Amino acid sequence: MFAHEQPADSIEEARSKSRTQYCWYLSGENDYTNFRFDMIPPHWEHDHVYVWPSQWQQDGQVYLSPKHNPGATHYCTDQSVITTRCDVDIFVVDANNKNRELSFQTVYNKHNHAQQIRGMGNWASIIQKCCTKSTSEYVWVVSSEYDYTHFDFTWYPEPAQRTMFHIFGSQHQKWANVFRVHRQEFLNQCKWHNDIKQFPLLNFVDYQTVQTWSNNVEIVYVDFGNTGIFQQDLDHKTTRFFGTWLQTLGRICERTHSEHLWVTSSICDYTDFDFGWQPEPWQQDMLHVFASNEQAEGDTFLVPVQRFKAQQQRLELLGWFDTINYVEHITVPAHAWPTVDSIHYIDSQYAWLLRNGQQPVDYTPSFWKKPDLHVLNTSGSVSLCPRDCKTHFRTQAYDYPYILRHSRKELADNPLDVVYVSNGEKNADLNWNRLLELCPRAKRIDGVNGRAQAYKACAEASDTEWFLNVFAKCWVHDDFDFDWQPDYLQNNKHYIFDAHNPVTGLTYGHMGIIAYHKQLVLDCKTWGLDFTLSMPHGSVPVTASTADYATTPYETWRTAFREVVKLSQQQDPQSRYRANAWLTVGNGDLGEWSMRGAHDGVVFATSGTDLQLSFEWAWLKEHFQRLYNH
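Residues numbered from 1 in each chain as written. Predicted model: local features only at pLDDT ≥ 70, side-chain atom pairs only at ≥ 80, totals over all residues. Heavy atoms only, no water.

Colleague: I would appreciate a short explanation of the layout of surface pockets in the present structure.
Modeller: Approximately 1,200 Å³ is the volume found for the largest pocket. Where the lining of the largest pocket is concerned, the elements lending two or more residues are strand S7 (89-94), helix H3 (123-133), strand S14 (218-223), strand S18 (295-304) and helix H6 (305-312). For the lining of the largest pocket, a count of residues per class yields 18 nonpolar, 18 polar and eleven charged. (1 Å grid on protein atoms, 1.4 Å probe; cavity = no way out; pocket = protein on both sides within 12 Å on 5 of 7 lines; lining within 4 Å. Points joined across faces, edges and corners; volume = space filled by probe spheres on them. Helix = DSSP H or I, 4+ residues; strand = E, 2+ residues; numbered from the N terminus. Nonpolar A, V, L, I, M, F, W, Y, C, P; charged D, E, K, R; others polar.)

Colleague: Explain the packing of helix H5 (residues 245-253) against H6 to me, please; I cannot follow it from the model alone.
Modeller: The axes of two packed helices give the description: the angle between them and the distance between them. Here H5 crosses H6 at 120°, and the two axes come no closer than 10 Å. In terms of axis orientation, H5 runs oblique to H6. Crossing angle aside, the handedness with which H5 passes H6 is left-handed. Judged by residue contacts, Leu246, Leu249, Gly250 and Cys253 of H5 engage Val305, Phe308, Lys309 and Gln312 from H6. (Axes fitted to C-alpha atoms, helices over the stretch in contact; angles between N-to-C directions. Parallel < 35°, antiparallel > 145°, perpendicular 65-115°, else oblique. Left-handed = near helix turned anticlockwise from the far one by under 90°. Contact = heavy atoms within 4.5 Å.)

Colleague: It is not clear to me how the state of the cysteines should be interpreted in this structure. Could you clarify?
Modeller: One covalent bond between the sulfur atoms of two cysteine residues makes up a disulfide. Scanning all chains against the criterion turns up zero disulfides. Here Cys190 is not disulfide-linked; the sulfur of Cys131 is the nearest cysteine sulfur, at 7.0 Å. Of all cysteine sulfurs, the one in Cys458 lies closest to Cys474, which takes part in no disulfide; the gap is 12 Å. We classify Cys474 as buried; its relative accessible area is 1%. (Disulfide = S-S within 2.5 Å. Buried < 20%, exposed > 50% of the residue type's maximum accessible area, 1.4 Å probe, protein only.)

Colleague: Got a minute to help me understand the pattern of salt bridges in this structure?
Modeller: Side-chain pairing between opposite charges can occur once the charged atoms of the two side chains come close. Scanning all chains against the criterion turns up 22 salt bridges. Note that Arg85 is salt-bridged to Asp87, the shortest N-O span being 2.4 Å. Look at Arg85 and you get partly exposed, because its relative accessible area is 39%. On the basis of relative accessibility, which here comes to 44%, the residue Asp87 falls in the partly exposed class. Where Arg444 meets Asp446, a salt bridge forms, and the shortest distance between an N and an O atom there is 4.0 Å. Judged by its relative accessible area of 28%, Arg444 falls in the partly exposed class. Put simply, Asp417, Lys443 and Asp463 are held in one network by salt bridges that share partners. (Salt bridge = Lys/Arg side-chain N within 4 Å of Asp/Glu carboxyl O.)

Colleague: Just to check I follow, could you spell out the pairing of strand S12 (residues 178-182) for this structure?
Modeller: Two faces belong to every sheet, and in a regular strand the side chains alternate between them. Where burial is concerned, most of S12 is hidden: five out of the five residues are buried. Pairing between strand S9 (residues 138-143) and S12: five bridges, direction antiparallel. Note on S12: the bridge partner recorded for Trp140 is Arg180. In this sheet, S12 lies alongside strand S11 (residues 165-170) in antiparallel orientation, the contact comprising three bridges. Across the sheet, the residue bridging to Phe168 is Val178, located in S12. (Pairing = 2+ DSSP bridges.)

Colleague: Where do I start with the packing of aromatic side chains in this structure?
Modeller: Applying the stated criterion across every chain yields a total of 75 aromatic pairs. Here Phe165 and Phe186 contribute two aromatic rings whose centre-to-centre distance is 5.5 Å and whose plane-to-plane angle is 50°, an arrangement assigned as tilted. Here Phe165 is found in strand S11, whereas its partner Phe186 is found in helix H4 (residues 183-190), with 21 residues between them in sequence. The pair formed by Phe165 and Phe186 is uniform in burial state, with each residue classed as buried. A ring pair is formed by Tyr455 and Phe471, whose centres lie 6.1 Å apart and whose planes are at 80°; its orientation type is edge-to-face. In this pair, Tyr455 is assigned in helix H9 (residues 451-461) and Phe471 in strand S27 (residues 466-471), connecting sequence segments 16 residues apart. Note on Tyr455: relative accessible area 11%, which makes it buried. On the basis of relative accessibility, which here comes to 7%, the residue Phe471 falls in the buried class. (Phe/Tyr/Trp six-rings, centres within 6.5 Å; stacked < 30°, edge-to-face > 60°.)

Colleague: I keep staring at helix H14 (residues 617-628) and nothing clicks. Help me out?
Modeller: Spacing of three or four residues puts side chains on the same side of an α-helix, whose turn is 3.6 residues. Here H14 is twelve residues long and its end C-alpha atoms lie 17 Å apart, about the 16 Å a rise of 1.5 Å per residue gives. What H14 keeps buried is the set Trp617, Trp619, Leu620, His623 and Phe624. Angular distribution of buried residues about the axis of H14 spans 160°; they occupy a single face of the element. Of the surrounding secondary structure, the elements contacted by the buried residues of H14 are H9, helix H11 (553-568) and helix H13 (591-605). Once H14 ends, the next one or two residues include Asn629, with phi positive near 45°. (Expected span 1.5 Å × (residues − 1). Arc of directions from axis to C-beta.)

Structure representation (structure tokens):
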């Protein structure tokens, strides 16, 4: 048996021309240098048609067939051939991109019969034009958007797929603008369909892809005023961020004639980003968005310029753009924001404002609208603050109008220090032991002369920004929450909890637990009759303790005396009501001494004596003894 030297258009024709029992039918596009033609079929397979593979397909268009009565097909795996020729017409469509000439050259260097053609209309009409010009059975139609250096145009389909419409992808997409079509079948389908997606029998080839150009689309780098730099050696323009991404993209699109734009930002790291990414063909008019860390409203865009211009005037938010593609599986790392101690020190677009020993967390803000102040936990001790806060800030973070709260329950606050203060009170040890049962971490300050000096000693003992000051006259209630936290968005101030006074029947802040701001206490140089009220303060409507002051005649008298001196200097109805209760109500065994102290306080307040003496324990003891010889 010998291979027939005359060409045949089909295996049937080869059989008819054969002068031997078997004949070889071979494709002229294959390399047979190392192929062995010494195959002799065994007698029990005398009617089989033997088929050898190529590097592309199981059917490599290499056949050994019986001349008469061919039977079953037998696929051989013992050897294969390599397809080396491409006699198919190749049309490279000029997509008016930056690398169009280089793209054509990568094809022409391998197949000098390739030709360029202008890309007018949709792809169905472009391919139809190519098929009309072609004389080959098959036609390659490819776009100048890609690099074909490593693409093999010798590819061919299985015989059963001969008339299918073959579509190749890129490293990013299933569908790139690279097609191999059966010329006559395509011309027939064009009579019925004007869009490739409508064509029947589409075959997506996934084992050979083309490469996109990394510098094919203009790149604009948006400077947010941080220290970020563009990490790739690619041509790019630089502009600044303006207000929101909608406004910034609008300004950029007005200044370009490109069909598409990469818009990037200095808050992201592009070290490993592939600027050769392309959308699927039907996504060309979408706004493509790449997430910044976990933030889906990212800061990296592939923008369809003309479509964006057409919609810009009617958009109030970027998210209103009619077709946004949030690209999945590609995330751009965002740089970490700095940490500052005060809103006044924010110089970047955002900064972490952390209190109570907190650390930055994984959160990336969106710049698609006016920048929010992001409060990540209930107390506000973990907050991501925009630079715009500086222009609104007067006394507290609440001065900023755009605050967005998040529920990050894992961001628990570190507990505040609890400091117990005593100075010879009869029940000091009893109430201290009670406190330790409820809060074993409590610290104690004892024996400091003068109330202001005692407060400062407590502040010195605290390692937290605020501390809960519990006094020797506090019988702490079982349900008091020692994990309480201040509102870190408010201005620095003291928080006063209510205490119930069983002697007067009153419940208000007097003798209650106080959450002192440590630095306010330490920095306080002058104060009035009430040390706490001399600084910024607020009330917490929680009854945290019972006032345990009616222990001895002197302690009972001293407490009432000092409180009524302070109340006498205030003329609001609530203060007058409380002063009257001190003067007229005295429940319990030592209630009389409480009312005496209140009356003596009124007298002292009108005597013209320096009222600050009521702060001094020694003077108070002497005054009590002078009045009562007790």
